[in-house]
Amino acid sequence: MITKGAFLILSLKHVLMQVNFSFEGNGTFLCISYYSQYKAQIQPRYSEYHNHAVLIDMEEGVVNEILQGPLRDVFDSKQLITDISGSGNNWAVGHKVFGSLYQEQILEKLRKSAEHCDCLQCFFIIHSMGGGTGSGLGTFLLKLLEDEFPEVYRFVTSVYPSGEDDVITSPYNSILAMKELNEHADCVLPIDNQSLFDIISKIDLMVNSGKLGTTIKPKSLVTSSAGAVKKRHQKPFDAMNNIVANLLLNLTSSARFEGSLNMDLNEISMNLVPFPQLHYLVSSLTPLYTLADVNIPTRRLDQMFSDAFSKDHQLIRADPKHSLYLACALMVRGNVQVSDLRRNIERLKPSLQFVSWNQEGWKTSLCSVPPVGHSHSLLALANNTCVKPTFMELKERFMRLYKKKAHLHHYLQIEGMEESSFMEAVSSLSGLIEEYNQLDATKSMPVEDFPRLSIAV
Amino acid sequence: MSIVTVQLGQCGNQIGFEVFDALYTDSHCPQGLCSKRENEAYQASCKERFFSEEENGVPVARAVLVDMEPKVTNQTLSKAAQSGRWKYGQHSCFCQKQGSGNNWAYGYSVHGPRHEESIMNLIQKEVEKCDSLSGFFIIMSMAGGTGSGLGAFVTQNLQDQYSNSLKMNQIIWPYGTGEVIVQNYNSILTLSHLYRSSDALLVHENDALHKICAKLMNIKQISFSDINQVLAHQLGSVFQPTYSVEGSCHYRRNPLGDLMENLVPHPEFKMLGIRNIPQMSENSLAYSTFTWAGLLKHLRQMLISNSKMEEGIDWQVRPPLSGLPTLGKASLNRGLHFNMSIANLVILRGKDVHSADLGGFKDSALYTSWLEPINAFNVWKTQRAFSKYEKSAALVSNSQFLLKPLDTIVGKAWNMFASKAYIHQYTKFGIEEEDFLDSFTLLEQVVASYCNV
């Protein structure tokens, strides 16, 4: 199965150098350490933009393509770690075999990269769960980062396998990876390809419907890269990957650009992770596109807020509106002021259910600089029990395979892998599902205040 | 005497800029409605309090800017410099690369000790520029990480290092519907710590300022800049010079000292609020005239009905008949709650100020029994008009006005604490459950005290 990832780099505040590439490969992933944007401001030339990325793949194809493609100036060979044979869609190979083989090399490259940073704030790991390298080596890397840089936040963007996934062993790989995510990630943003595909289909419909008077502003598609509005998405993965790229851009925008209410990356974990294990955040991006002729600003703005909570805009199959919120972050970009934010929160609040101890569980940020092609945009991150079905489905698919011991030998033949590894992984996931169950059980209970301390007057 | 301002975090720095701008603009306002001599004395007094002189003549704000990430302070410094009218000192800014992550514990326990020396040195430098120091004005929010946590730490340090100087903290109460998820935790930790180390807490609520922008200033799309300007206007109307007892052209020397003396008679009651009248957009101003009688009548009712602005005042609320016992905590949820005062200060600025009748504020029914109105109520005046308002009145009060918001925040924080949510984020940096309990205990005590006033 081909899994693709894409990375958009918005390098400068005023010079809109938007570069996009896509790469194919089994479980290819990028590990990037982020650093402050203002450094780029004093080095205005594109070629001097110093990025801190480490590209790792156990096959050469994808990474080579990157080095020959339009981003060849962005990355150089010193940032790569590759092997030849790939991980064969086997988590154990990625995690145990390649893990120990490349541990030193990876560490060395990371340390070098970290030295260049004035202040290393967090690591972004982007990978898929269903394959071998991204899933196995990716989660090995997580543990490595935790040990080596314990104070640096680890944000993971994980692509979960969809229903029609044709990698047979993807449930095994995903569950084994989940245990690692549970234990070593600070924040996980789960994504699935089906949702991304549904989004781009929606956009295609809009673009091609030829409705009278509706012209989409160029560059405004959440899926667009270099600007041209494609007639129909030939290579859907490009567009899908762009959505993920935009997610990361919006996530970091308030840390990179000025605004009246800034939000740093360390604030995401602080506000959205009430208990260490419950760190899975469902994300949604709006608007998906901007119509060129519409002249009703306030209504359009409010529509953007409403859309962020609709199940069609989530990057994973989930319906947050009908589940329980533990916390919600609204990260707004562009010409939006605090009154717009307050008005929409008050408007939408009654239709959302928040856990009893966090009835006003909103984290907000305002960044003045909108994304390219838009006048404003919104990224919503929800810590919501609506992730539960994804995990339950994953567990079911795993059990179906595991009961028949199908393909198990591929894993067990790797040194360090035993049946107990699988059992522990399932147990970890079951524990997580149970936490969500307990929270859901509180949904319809009346909110009662805890008795306060009484003071002798 | 001079006041040194410490601006902390995004909120503190954004507000600080607006405050200095408002003070400067007002002091150079041509429509002072007073004699030239008086105007010059006013300007000089304002200057002494808030600005120092630099070689090329541009006044430099007596301020120290502190933030744990650079974007906001850079912006603030350049905005001031660009105005060409006043600026911040070149070396008055301390910032780091990484913020406090909305984590009070991080601001207090990590950033505080780590940068203590640098920050206190900066403050020391600013203090040395003053001929005579009235005290410190610390601007911070409660909801975030730097303003709240580092602000609490710095205030404590100021208490240790400058035990003879006064400290007033300007704190921002966050929106009730939530701006930061852990705002209630950060708030109770801040309030409890400041209650021990600060001399007075001047509180501004975002919700109240927002309403003023919407209803009185008629702003459609309200930005934080708008909110901060309303705040700055209110602060200016309090901190700008007023006559001392000796009469006109002799302005009060020690604003902070006088404020404390008039408003904080007992250390258990430290929370102050400001109300200002009139407040309106410039367009409306041109068509309005006011009488002192009208303004003061409204201001008095705003006080006793706990209204934050001159629109929507509840005229039904009346002072209780003397002799009846106070209602206690049960009355918190009852409708017509009368706002009992501990002490009030009215500041009048503008035309015919001497003719204003303040009898309504001297009614003993407004005040607690343990202070005579003659001690509980004070008035400051100046003929010099403030910021284009022909007449303006400000009320600084120490009353029950914050009782309900405080009780609400403590309640919400307590509910969250009972479920242990987010606690691991604080214990990670050395703030333990016990510290939370200490804070709750102290604040319940404050709530009870204000309730039984």
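Before any of the text, the structure's been laid out above.
Residues numbered from 1 in each chain as written. Chains lettered and ligands numbered in written order. Predicted model: local features only at pLDDT ≥ 70, side-chain atom pairs only at ≥ 80, totals over all residues. Heavy atoms only, no water.

A count of helices and strands for chain A gives 13 helices and 13 strands. With 457 residues in all, chain A has 61% of them scored as buried. The long-range fraction of contacts in chain A, counting pairs at least 24 apart against all pairs at least 6 apart in sequence, stands at 81%. Roughly 18300 Å² of accessible area belongs to chain A as shown, and the carbon and sulfur atoms make up 53% of that amount. (Helix = DSSP H or I, 4+ residues; strand = E, 2+ residues; numbered from the N terminus. Buried < 20%, exposed > 50% of the residue type's maximum accessible area, 1.4 Å probe, protein only. Contact = heavy atoms within 4.5 Å. Areas by Shrake-Rupley, 256 points an atom, 1.4 Å probe, with all protein chains shown as cover.)

Tallying secondary structure elements over chain B gives 15 helices and 14 strands in all. Compactness check: chain B gives a C-alpha radius of gyration of 21 Å against a globular reference of 22 Å for 453 residues, within 12% of the reference. Considering only C-alpha atoms, chain B reaches an extent of 65 × 60 × 45 Å along its principal axes. Relative to its 453 residues, chain B shows a buried fraction of 63%. On chain B, roughly 16700 Å² of surface is accessible, and the fraction owed to carbon and sulfur atoms is 49%. Averaging the locations of the 39 positively and 42 negatively charged side chains of chain B gives two centres separated by 5 Å. (Rg over C-alpha atoms; globule rule 2.2 N^0.38 Å. Lys, Arg positive; Asp, Glu negative; His and termini not counted. Charge placed at Lys NZ, Arg CZ, Asp CG, Glu CD.)

So, about the packing of helix H6 (residues 193–208) of chain A against helix H7 (residues 236–256) of chain A. Helix-helix packing: each pair is described by the crossing angle between the helix axes and the interaxial distance. All names here are of chain A. Running from N to C, H6 and H7 cross one another at 105°; their axes reach a closest spacing of 9 Å. Here H6 lies roughly perpendicular to H7, going by the angle between them. Facing Asn193, Leu196, Phe197, Ile199 and Ile200 of H6, the residues of H7 in contact are Pro236, Phe237, Ala239, Met240, Ile243 and Val244. Per-class residue counts for the contact of H6 with H7 are ten nonpolar, one polar and no charged. (Axes fitted to C-alpha atoms, helices over the stretch in contact; angles between N-to-C directions. Parallel < 35°, antiparallel > 145°, perpendicular 65-115°, else oblique. Nonpolar A, V, L, I, M, F, W, Y, C, P; charged D, E, K, R; others polar.)

Our next topic: the interface of chain B and chain A. The partner chain A presents 56 residues to the 52 residues of chain B that form the contact. When chain B packs against chain A, the two sides together hide about 4400 Å² of surface, and 53% of this comes from carbon and sulfur. One can count three salt bridges joining chain B with chain A. Two residues, Arg452 of chain A and Glu444 of chain B, come together in a salt bridge whose shortest N-O distance is 2.6 Å. In this structure, the connection of chain B to chain A is made through 29 residue pairs in polar contact (both at pLDDT 80 or more). Secondary structure elements with two or more residues in the side of chain B that touches chain A: helix H1 (9–27), helix H3 (70–83), helix H8 (224–239), helix H13 (403–418), helix H14 (423–427) and helix H15 (433–451) of chain B. In terms of residue class, the side of chain B that touches chain A is built from 18 nonpolar, 23 polar and eleven charged. (Buried area = accessible area lost by both parts, 1.4 Å probe. Salt bridge = Lys/Arg side-chain N within 4 Å of Asp/Glu carboxyl O. Polar contact = N/O pair within 3.5 Å; in protein donor to acceptor, adjacent residues only side chain to side chain.)

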